[in-house]
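Fold and geometry: a report
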Amino acid sequence: ALVLTALAGIILGMGMPTTPAYIVMVSLLVPAIIKLGAATPAAHMFAFYFAILSAITPPVALAVFAAAGLAKADLWASGWAAMRAGAPAYIVPFMFVYEPALLTIGDPWTTLHATITAVVGVVLLAAGLFGCLLRPAPMWQRALLVAAALLLIKPGWATDLGGLVLGGFVLAMQWIEGRRGAVA
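Below is a short write-up of the structure. (Residues numbered from 1 in each chain as written. Predicted model: local features only at pLDDT ≥ 70, side-chain atom pairs only at ≥ 80, totals over all residues. Heavy atoms only, no water.)

Digging into the overall build of the protein
For the protein, the count of helices and strands is ten helices and zero strands. When the helices and strands of the protein are listed from N to C terminus, the series reads α-α-α-α-α-α-α-α-α-α. When its C-alpha atoms are laid out on the principal axes, the protein stretches across 60 × 50 × 25 Å. Going through the 184 residues of the protein one by one, you find that 35% of them count as buried. When the 8 basic and 5 acidic side-chain charges of the protein are each reduced to a single mean position, those positions are 10 Å apart. (Helix = DSSP H or I, 4+ residues; strand = E, 2+ residues; numbered from the N terminus. Buried < 20%, exposed > 50% of the residue type's maximum accessible area, 1.4 Å probe, protein only. Lys, Arg positive; Asp, Glu negative; His and termini not counted. Charge placed at Lys NZ, Arg CZ, Asp CG, Glu CD.)

Focus on a nonpolar patch on the surface
A cluster of nonpolar side chains, namely Trp109, Leu112, Ile116, Val120 and Leu164, defines an oily patch on the protein surface of about 510 Å² accessible area. Per element, the largest residue contribution to the nonpolar patch is four residues, and it comes from helix α8 (residues 108–130). Looking at where Leu112 falls in the secondary structure, it is placed in helix α8. Using a relative accessible area of 41% as the deciding quantity, one classes Leu112 as partly exposed. (Patch = residues over 30% accessible without salt bridge, like charges linked within 9 Å, V, L, I, M, F, W, Y side chains within 5 Å. Areas by Shrake-Rupley, 256 points an atom, 1.4 Å probe, with all protein chains shown as cover. Salt bridge = Lys/Arg side-chain N within 4 Å of Asp/Glu carboxyl O.)

Some words on the packing of helix α6 (residues 75–85) against helix α7 (residues 87–98)
Orientation of α6 relative to α7, taken along the N-to-C sense of each, is 45 degrees, at an axis distance of 4 Å. For the element pair α6 / α7, the angle class is oblique. Contacts between α6 and α7 involve Met83, Arg84 and Ala85 from the former and Ala87, Pro88 and Tyr90 from the latter. Residue composition of the contact of α6 with α7, by class: five nonpolar, no polar and one charged. (Axes fitted to C-alpha atoms, helices over the stretch in contact; angles between N-to-C directions. Parallel < 35°, antiparallel > 145°, perpendicular 65-115°, else oblique. Contact = heavy atoms within 4.5 Å. Nonpolar A, V, L, I, M, F, W, Y, C, P; charged D, E, K, R; others polar.)

With respect to the side chain of Thr117
Examined against the element boundaries, Thr117 turns out to sit in helix α8. A polar atom in the side chain of Thr117 sits 3.0 Å from the backbone oxygen of His113. Beyond its immediate sequence surroundings of up to four residues, Thr117 is in contact with Leu152 and Asp160. (Polar contact = N/O pair within 3.5 Å; in protein donor to acceptor, adjacent residues only side chain to side chain.)

Some thoughts on the nonpolar core
Within the largest apolar cluster, 18 residues are counted, with the highest numbers of intra-cluster contacts made by Leu2, Met25, Ile33, Phe46, Phe50 and Phe94. Counting only elements with at least two residues in this core, the list comes to α1 (2–13), α2 (18–28), α3 (30–35), α4 (40–53) and α7. Ranked by residues supplied to this core, first place goes to α4 with six residues. Not counting residues up to four positions away in its chain, the partners in contact with Leu2 are Ile33, Phe46, Phe94, Val97 and Tyr98. (Core = buried A, V, L, I, M, F, W, Y, C linked by side-chain atoms within 4.5 Å.)

Some words on α8
Helix length check: α8 (23 residues) gives 33 Å between terminal C-alpha atoms against 33 Å at 1.5 Å per residue, within 8%. You can read the cap of α8 off the contacts: a side-chain oxygen lies 3.2 Å from the backbone nitrogen of Trp109, and it is on Asp107. Looking one or two residues beyond α8, the residue adopting positive phi is Gly131, at roughly 75 degrees. (Expected span 1.5 Å × (residues − 1).)

Here's the deal with α7
With nine of its twelve residues buried, α7 lies for the most part within the structure. Along α7, the residues that are buried comprise Ala87, Pro88, Tyr90, Val92, Pro93, Phe94, Met95, Phe96 and Val97. Residues of α7 that are buried sit in contact with α1, α4, α6, α8 and α9 (139–153).

If you want it as structure tokens, here you go:
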């Protein structure tokens, strides 16, 4: 339901500035998210994020196409590059709904734990998508980084531990490769 809501939010927000897109989403989509059991602040942040992301999502991507026009760059290549650069932002709204502690709803320790794992997860996701953590990563390391990121982003101790192990493994591999290159 959240994926369909996100797609509807992006489509509703295409071609609109952020504020009107958010207002449309609040009137149409936020009540449905709240009825599905999401906390009210999380539902509003979900809508707000996707109202903003509609500005960089092709095919309309008004902000990207305006910037590409100024830079005299290819419109479609710029749009897809903006989506790839903004990929972690497409996951953050889901994190708010599944872990309201990221919005400081709950006790301080849960908020701290959720924040740390979310930050590490987003960093690993960006590293996996762009192919560089400490150094350029081969495809198998990129796949492990994305898997580790998704595990860290999902709340729960077991998934967090799995994500940290996978991310730590790739980090150790890259550090060892760097040490071998420095010695050689």
